[in-house]
Amino acid sequence: MITLESSFLSTCKKFKLAQSEIEEVYEFVLHQKMPDAYMLQPNFEVSIQRQELIFSLCRLAQEGPPLAYVIGKKNFYGYDFHCCPGVLIPRFDTEVLVERAIKEIKNHNFKTIIDLGCGSGCVGLTIALESKASTVLGVDISSQAIALTNKNKMSLNVGHYQTLVADMRDMPELTGSFDLIVSNPPYIAKSDDRVDLSVSLYEPHLALYGEQEGLEFYQTIAQYGLRALTKAGSILVEFSPFISQQVVSTFQKLGYHCVEVIKDLQQHERVGHFRLK
Ligand SMILES: C[S@@+](CC[C@H](N)C(=O)[O-])C[C@H]1O[C@@H](n2cnc3c(N)ncnc32)[C@H](O)[C@@H]1O
């Protein structure tokens, strides 16, 4: 046995991982909230077997796939989401999109929400959890993503959420209307060489890259909104700050009013809010 304090310090020294990632490994192995456990119970003891497990998980994450794939989960908006290779890992930046969606739903009493390209389900499921009155539909072209969303729906105990495997570019079967369309679509241009190696090597390209310099899916979503958005409804889309202005003009050309471009915590333009004029 060693104390949590010396265990944690030696792990931080041994591995070139962010402290937050090492904390996630400790939480996973010890079922203790970090850094509370470290701060409040520094004499908490870690068994040799658990220390070895911590080292091997850190080694795996340092040498290969992202930590969320190694431990199979990622926290998003305070909820634990299952993760698996083949489906995008939820990103902290996407919380900006979710936060605004929840606010819009509450302010306008929106009832029907669609999440295009739902991936792990982190956006739509969080919205469903935080605004209990709404019904949410998650759509993804990847059946692997939909299976993961359904798994997360079960583990988070979300009732009012449905899923559909479909290509958002062609959804004739979807005839209903929605008060809110949310999406974090694939938006990286194929020519963009700024993508981290750990992302391009391990995360699904289907979730990352969009045609037309990353603008393809904004055109799709704006077109879909023309037939599916209720009169006073809203569209909220996440984008990269590199294409924010092109996304705004894509929506404006199709007759939308840009209500706001919302910045993330780093002050990067991250989310567009649109309504039909
Ligand atoms: C950037 S990921 C976002 C996933 C999730 N919403 C999130 O924020 O973590 C984009 C998602 O769009 C899905 N996707 C890609 N092409 C699609 C298409 N043509 N129709 C529907 N979904 C698509 C991908 O499978 C992926 O899950």
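This is a predicted model, so every value here is computed, not measured.

1. As for the overall build of the protein chain
A count of helices and strands for the protein chain gives 13 helices and 13 strands. The C-alpha atoms of the protein chain give a radius of gyration of 20 Å, which matches the 19 Å a tight globule of 277 residues would have. Per-residue burial for the protein chain yields a buried fraction of 36% across its 277 residues. Partitioning the intrachain contacts of the protein chain with sequence separation of at least 6 by distance along the chain shows that 66% fall at a separation of at least 24.

2. Considering the domain arrangement of the protein chain
Looking at the assigned domains, one finds that the protein chain contains domain 1 (2–63) and domain 2 (87–276). Computed over C-alpha atoms only, the centres of domain 1 and domain 2 are separated by 35 Å.

3. Here we look at the site of the ligand
Contacts to the ligand come from 22 residues, most closely from Gly117, Gly119, Ile141, Asn184 and Ala207. Those elements that place two or more of their residues in the shell around the ligand are α7 (122–130), β6 (135–140) and α10 (205–208). Residue composition of the shell around the ligand, grouped by class: 13 nonpolar, six polar and three charged.

4. Regarding the packing of helix α6 (residues 95–108) against α7
Here α6 crosses α7 at 40 degrees, and the two axes come no closer than 10 Å. In terms of orientation, α6 lies oblique with respect to α7. Here α6 and α7 pass one another in a crossing that is right-handed. From α6, Leu97, Val98, Ala101, Ile102 and Ile105 reach across to α7, where they touch Val123, Thr126, Ile127 and Glu130. Class assignment of the residues belonging to the contact of α6 with α7 gives a composition of seven nonpolar, one polar and one charged.

5. Examining the nonpolar core
General note: in soluble globular proteins, nonpolar side chains tend to be found buried as a group. Leu180, Ile181 and Ile221 are the most contacted members of the largest nonpolar core, which totals 62 residues. Counting only domains with at least three residues in this core, you end up with domain 1 (2–63) and domain 2 (87–276). Not counting the four nearest positions on each side in its chain, isoleucine 221 is found in contact with Leu116, Ile181, Ser183, Pro185, Ile235 and Val237.

6. Focus: the pairing of strand β4 (residues 79–82)
Bridge count for strand β3 (residues 73–76) against β4 is four bridges, and the pairing is antiparallel. Following the sheet pairing, asparagine 75 is matched in β4 by aspartate 80. As consecutive antiparallel partners, β3 and β4 are separated by two residues, and within that stretch tyrosine 77 has a phi angle of approximately 55 degrees, a positive value.

7. Focus: the packing of helix α2 (residues 19–30) against helix α4 (residues 48–63)
The description of two packed helices rests on the angle between their axes and on the distance between the axes. Interaxial distance between α2 and α4 falls to 10 Å at its minimum, and their mutual angle equals 140 degrees. As judged from the angle between their axes, α2 and α4 are oblique. For the element pair α2 and α4, the recorded crossing hand is right-handed. Judged by residue contacts, Glu21, Ile22, Val25, Tyr26, Val29 and Leu30 of α2 engage Arg50, Leu53, Ile54, Leu57, Cys58 and Ala61 from α4. For the contact of α2 with α4, the per-class residue count stands at 10 nonpolar, no polar and two charged.

8. What about the sheet that holds β6?
Spatially, the seven strands line up as an open sheet ordered β7-β6-β5-β8-β11-β13-β12, and their pairing is mixed. Each of the sheet's edge strands pairs with one partner strand only, and the pair in question is β7 (161–165) and β12 (256–263). Sheet twist, expressed as the average angle between the axes of neighbouring strands with direction ignored, equals 20 degrees. Running at roughly 165 degrees to strand β11 (residues 229–238), helix α12 (residues 216–228) makes contact with β5 (112–116), β8 (178–183), β11 and β12 of the sheet. Strand contacts of helix α13 (residues 244–253): β11, β12 and β13 (269–276), with the helix running at about 160 degrees to β12, the strand carrying the most contacts.

So, how was this worked out
Sequence order as written defines residue numbering, which begins from 1 separately in each chain. Totals for whole chains, interfaces and linings use all residues, but because this is a predicted model, local features are given only for residues with pLDDT of at least 70 and pairs of side-chain atoms are given and counted only at 80 or more. Each helix corresponds to a stretch of at least 4 residues labelled H or I by DSSP, and each strand to a stretch of at least 2 residues labelled E; elements are numbered beginning at the N terminus. With C-alpha atoms as the basis for the radius of gyration, the globule rule is written as 2.2 Å multiplied by the number of residues raised to the power 0.38. Three classes are used. A residue is buried when 20 or more other C-beta atoms lie within 10 Å of its own, exposed when 12 or fewer do, and partly exposed in between, with C-beta atoms placed from the backbone. A pair of residues counts as a contact when their C-beta atoms, built from backbone coordinates, are within 7 Å of each other. Domain borders in the structure are assigned automatically or taken from a domain database. Residue proximity rests on one test: whether the C-beta atom, placed from the backbone, lies within 6 Å of the molecule or strand. Here the term charged refers only to Asp, Glu, Lys and Arg, the term nonpolar to Ala, Val, Leu, Ile, Met, Phe, Trp, Tyr, Cys and Pro, and the term polar to all other amino acids, Gly among them. Lines fitted to C-alpha atoms define the axes, with helix axes restricted to the stretch in contact, and inter-axis angles between N-to-C directions lie between 0 and 180 degrees. Should an angle fall under 35 degrees it is called roughly parallel, over 145 degrees roughly antiparallel, and 65 to 115 degrees roughly perpendicular, with every other angle called oblique. For any helix crossing, the convention is left-handed if the near helix is rotated counterclockwise from the far helix by under a right angle, and right-handed if that rotation is clockwise. As used throughout, a nonpolar core is a set of buried Ala, Val, Leu, Ile, Met, Phe, Trp, Tyr and Cys residues joined through C-beta atoms within 7 Å of each other. Strands qualify as paired when DSSP identifies two bridges or more between them.

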